[in-house]
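# Chains, contacts and geometry: an overview
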Amino acid sequence: MFRLILRRLAISVAVLWLVTLLVFVATLLLPGDPARAILGQQATPERIAALNDQLGLDAPVWQRYLDWLGGVFTGDLGTSAASQGPVTELLGGRIGASLVLLVGAAVISTAGGLALGTWSALRRGRAVDHTVSGLSLVVAALPEFVIGVALIVLLSTTVLPVFPSVTLAPPGEPVWSRPIQLVLPILTLTLVVTPYITRMMRATMSEVLDSGYVEMARLKGIPERVVITRHAVPHAIGPVAQVIAIQLAWLAGGVVVVEFLFRYPGIGQALIDAVNNRDVEVVQAITLLIAGVYIVVNLIADIVGIMTNPKLRAEVAR
Amino acid sequence: MTAPATVTHTLLARELRVDTATGHPVLKGVSYEIAPGEVLALVGESGSGKTTAGLAALGHFRRGLIHTGGGVSVQSDDGEPVSVLEVGDRQRRSLRGSTVAYIPQDPAASLNPALRIGKQIGEVLETHGYGASAAERSTRIAEVLGEVGLPDDEAYRRRYPHELSGGQQQRVGIAMAFACRPNVVVLDEPTTGLDVTTQTLVLRTISALTTEHDTAALYITHDLAVVATIAHRVAVLRRGEVVECGSTEEVLRAPAHAYTRELVTAVPHLDGTGATDTSGSGRSTPGSSTPGATESGAAGASAADMEVAGDAEHTPVLSVSGLSVAYGEHRVLRDVSLDVRAGECLMLLGESGSGKTTLSQCVAGLGLPHAGTVSVSGTPLAASTQRRTAEQLRSVQYVFQSPYSSLNPRKTIAQSVELPLRTLTDLDAAARRERVTETLERVRLDPALAGRLPDELSGGQRQRAAIARGLVTTPDVLLCDEVTSALDVSVQATIVDLLCELRRELGMAMLFVTHNIALARHVADRIAVLRGGEVVESGTVGEVLDSPSHEYTRELLANTPRM
């Protein structure tokens, strides 16, 4: 098993390296000149040259890549051209704020999606099942900003003014000091992700419930609760983990739009500001971060898949 | 006086009626009763409702089935009859696994792949409160594993189902069923898919356990030869009704109902009686079938073939020499050589994993790269179909095991049969249509069915269509890969007869791949026995069956159930 996991890990590292390359090339291709963006239209050519020199922008491309890559490894993500401070400092607090959103949405949607999917599969063909399927399809069809706006209308402004529609915390105060402002962003992300997990879990569970070993467990007189938890769910988890991983990875990118919508001080906001300011180092750092989340989440899904399958587990022993 | 009379039967089903959700009847009033220690065989072909009738004894109906009448009562541990279909969910659950146990058809699908086998057996004991402590239950697990002839050590109990062979998996299923010492066991075709040697072991285990514990057993099967081996009484089920019921001896020797007679005569026998009664006369004299060939529509093609066959009487049409195939480290075929002459049928006999399908795939050009040569009419063929000429492809055709998956479900029968003509010959549309109609007639398939999709045909009709597709290009070699094993016995007999007649009419060489030695005298002239990728014995059917020289062949013959 460990060999299999190590191989997956090696692949992940290789993919991450490819991502650094792509991110670097992509920022090179961005139109415009960072120095001019920072200094404004009135800047003299001398000052632009001086800033280029200061930022190391006149060095050859490969050297700039290696310098940057070395920085990434040593935890030095460079200097923000806009704020003149180190990128790590700029992002430090914001990563925490975004993680609160991500983890909150991930936990709620995974647990909710698995439970709802299982429940629906157990009542296959009945009204409950059709309702869950229909609703999840409708919600899945809506883009995240539509859901966000709809929630603001429903729960913040017009219908039921319960939750704040924007983040109230002043800069510097941690977002979780006022939990009420987290509700709508987390709810939005949860609603976007849950339908896919529910539908996948329903389909997989339906298949597992029709399998010979579930029928056999019932014919052995095992109580239904144990049949579900011991004989059915473990077999559905493996395939569903892959879908959950894709959804959670999507969250890392989806957070950008949602943070923008709720004026939430996370990395999504920071990314939008950085792109507007042509703050190349920050864009690179955040893109790399989001890619990292993608890779880690998928790696975890692969490991869950291996762990829940005794055949794969045994391959290792050999 | 009345009390003993009610408990003479451990399992009693009365007028069971089951419908599908759409109102189509599956069981139309099925009754059976089983005494302690008795084995009742419930015999029927696919779709007869035998599994539904068996599962009803556990109060279980599969999705889409509705119980509409009748009842089942089992004798519980305290001797009182309990009505399985009327008690509450909780009590029914407490009966399942402890009083009435089930042994499924496919052990690979019925064991939870993620749980260790010891745990799966222990689970039944735990649920039904068998034994006072974990230690006592653990002793029982070891004991019951021993009873079914498996190792009872801790290491074996910690294995996962995928680490066992098919026969071992089935014995774990039996151990699980007998763990709580049930009064009734329902066995749903427990030996289908097992090799004959394993089948004999499993049947012996079941016999010993039911006798020893005075268990009433309902044995569901379609295999009458197995029935003769294990059952005391037989109930024959047809379209949801019991058409005949009596002692095994009576039913199999002197069947009263026409359907039972049909089933009994369709069973192939090692001595060659039974299934070929209808075609036996044609077999003895090859000449007698020649008029049949000239009579039929395809006079031109088949007559030409016959002439070629006559000339080349002694040179083999299909010749395989020194064939070796390996999947990585695993050697599937080791230096296999065979010859098949025109008009001759060679039976390639082997159990699962013997490499028999690999061999026929190599001949057809569907296999992996191999060492050795495959030649047809003296011309060596390339290993892959992609490098064979149209003429070479035309000369070797393949009929697959399952007619349910080998015909494209979106193409009509006529389209499927026409396909090889379109790709391998340059006949025009009219000539192709004529040839398709001719071939369908030849396989005794009503040409009116030509426009149907495979879904609208029965299993036997589909296999006829698949054979027609193989014959339409008038091949020199026809490969039949387990063509009868997905079919019911009565259909199997008609397909075997058909293949025999066609071979005689068309004079082609036939390689008949099978695991069922009982078919030998019905189809083949010669036999090659394949084991572990090697031909261990070959010779004429008479030589091999009457005086087998290899230990393995003798074992196979000894383990083949007879009626």
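Identification of chain B as ABC transporter ATP-binding protein from Prauserella halophila is taken from an unreviewed UniProt entry. According to the UniProt record, the Sequence similarities (unreviewed entry) comment for chain B is "Belongs to the ABC transporter superfamily."

Labelled according to an unreviewed UniProt entry, chain A appears under the name ABC transporter permease, originating from Prauserella halophila. The record held by UniProt for chain A lists under Sequence similarities (unreviewed entry) the comment "Belongs to the binding-protein-dependent transport system permease family." We quote the UniProt Subcellular location (unreviewed entry) comment for chain A here in full: "Cell membrane".

## What to know about the pattern of salt bridges
All names here are of chain B. The full count for this structure, using the stated rule, is 31 salt bridges over all chains. The partner of Arg157 in a salt bridge is Glu154, with the nearest N and O atoms 3.7 Å apart. Placement of both Arg157 and Glu154 in helix H7 (residues 154-157) is noted, with a separation of three residues, approximately one turn of the helix. Residue class for Arg157 comes out buried when judged on its relative accessible area of 14%. One salt bridge in this structure joins Glu418 and Arg432, with 2.7 Å as the shortest N-O distance. Of this pair, Glu418 sits in helix H18 (residues 413-424) while Arg432 is found in helix H19 (residues 429-442), placing the two residues 14 residues apart along the sequence.

## Considering the sheet that holds strand E10 (residues 241-247) of chain B
Residue and element names in this part refer to chain B. One open sheet accounts for six strands, arranged E6-E7-E8-E3-E9-E10; its pairing is mixed. Each edge of the sheet is formed by a strand with only one pairing partner; in this case those strands are strand E6 (100-103) and E10. Strand-to-strand twist in this sheet, taken as the mean axis angle between neighbours without regard to direction, amounts to 15°. With five bridges joining them, strand E7 (residues 184-188) and strand E8 (residues 216-221) adopt parallel strand pairing. Counterpart to Leu187 in the pairing with E8 is Tyr219. Contacts between helix H9 (residues 196-213) and the sheet are confined to strand E3 (39-43), E7 and E8, with E8 contributing the most and set at about 155° to the helix.

Cut-offs used in this document
- Position numbers for residues start from 1 in each chain and track the written sequence from start to end.
- Here the convention is simple: chains get letters from A, ligands get numbers from 1, in the order in which they are written.
- Predicted model: local features are reported for residues with pLDDT of at least 70 only, side-chain atom pairs are reported and counted for 80 or more only, and whole-chain, interface and lining totals are derived from all residues.
- Processing note: side-chain calculations cover all non-hydrogen atoms of the structure and skip hydrogens and water entirely.
- UniProt positions are given in the numbering used here, feature names are shortened, and annotations may be inferred rather than shown by experiment.
- Whenever a carboxyl oxygen of Asp or Glu lies within 4 Å of a side-chain nitrogen of Lys or Arg, that contact is scored as a salt bridge.
- Each helix is a run of H or I in the DSSP string that is no shorter than four residues. Each strand is a run of E no shorter than two, and both are numbered from the N terminus.
- Per-residue accessibility, obtained with a 1.4 Å probe over protein chains only, is compared with the maximum for each type, and a residue is labelled buried under 20%, exposed over 50%, and partly exposed between these values.
- By the convention used here, strands pair only if DSSP detects at least 2 bridges between them.
- Axis definition: a line fitted to C-alpha atoms, limited for helices to the stretch in contact. Angles are taken between N-to-C directions and run from 0 to 180 degrees.
- Only heavy atoms enter the contact rule, under which two residues are in contact if any of them lie within 4.5 Å.

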